[in-house]
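# Architecture and fold: a report
Spelled out from the first residue to the last, the chains are:
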Amino acid sequence: MKNKIIAGNWKMNKTRPEAEALIKELLPLVADSVNTVIICVPYTDLHTAVQLTKGTNVHVGAQNCHWKESGAFTGEIAPSMLKEMGVEYVIIGHSERRTYFGETDATVLARTQAALQAGLKPIVCIGETLAERQSGRMQQVLTRQVVEGFKDITAQQLANIIVAYEPVWAIGTGVTATDEQANEAIAFVRGVFAQKYGKVAADALYIQYGGSMNDQNAAGLLAMSDVDGGLIGGASLVAAKFAAIVHAHG
Ligand code: PEP
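Residues numbered from 1 in each chain as written. Predicted model: local features only at pLDDT ≥ 70, side-chain atom pairs only at ≥ 80, totals over all residues. Heavy atoms only, no water.

In this fold, E18 is placed in helix α1 (residues 16–30). Spatially, the C-alpha atom of E18 lies 9.3 Å from that of D45, the residues being 27 residues apart in sequence. A distance of 2.9 Å separates a polar side-chain atom of E18 from the backbone nitrogen of T15. (Helix = DSSP H or I, 4+ residues; strand = E, 2+ residues; numbered from the N terminus. Polar contact = N/O pair within 3.5 Å; in protein donor to acceptor, adjacent residues only side chain to side chain.)

This paragraph deals with the packing of aromatic side chains. Enumeration according to the criterion identifies four aromatic pairs in this entry. Ring centres of Y165 and Y209 lie 6.4 Å apart, and the angle between their planes is 55°; this geometry places the pair in the tilted category. Note that Y165 is positioned in strand β6 (residues 162–165) and Y209 in strand β7 (residues 206–210), a separation of 44 residues in sequence. Here the aromatic cluster, defined as three or more aromatic residues joined through ring pairs, consists of F150, F193 and Y197. Lying across the ring of F101, R97 places its NZ or CZ 4.4 Å from the centre. (Phe/Tyr/Trp six-rings, centres within 6.5 Å; stacked < 30°, edge-to-face > 60°. Lys NZ or Arg CZ within 6 Å of the ring centre and 35° of its normal.)

Take a look at the structure:
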């Protein structure tokens, strides 16, 4: 059994003083965890997070990065800028970015490549909408997202990527996939990766579940054989709840 990777996605929440307070509360609560702990914070909190987590077991991630190294891209942040700050991870292709900011499988791939090039570890998000699930297209959508979104990714690169399966209908809605639904979808996704990269690489790949995971349902979800961790939004904003998820398994 792999240890789990538990990542918090703070989304657009927490000013610098609020971030400082949350991180200071969180650090002692998760200090003895056997699982990998990551907090993905807004750009403006990255410096605070990197400084406060130095020498601890908590890793810092951003929530997006651009695919170019520099240039006329007002409002964007280059992967190398994140790396230079001490950031280790970056979420790519979150469903909120796909829905509100026109993210596509092609831009997900471009951002992932750029992040890897800079030495960051991407957390690449995939997942179907409710309409896609209800019309029986879940597997088709997940296959497309993996095939297109990982088109040029080599097996060597895959070893530095985390995948987050996040059914869009479960994100921020309070509706969680059942343990079985999460496991079934992740096992399916792993099978798609296995077709391209082989079983050994697909088994080694970390695939998290995300979507209204909280301190009440985390133990069940994380106990499932294919669920390698969680990407947690709302519940990651409360130190005690996030810590409970971190400790829910292992
Ligand atoms: C997320 O932001 O990736 C997420 C899963 O959010 P929530 O846990 O709030 O559903």
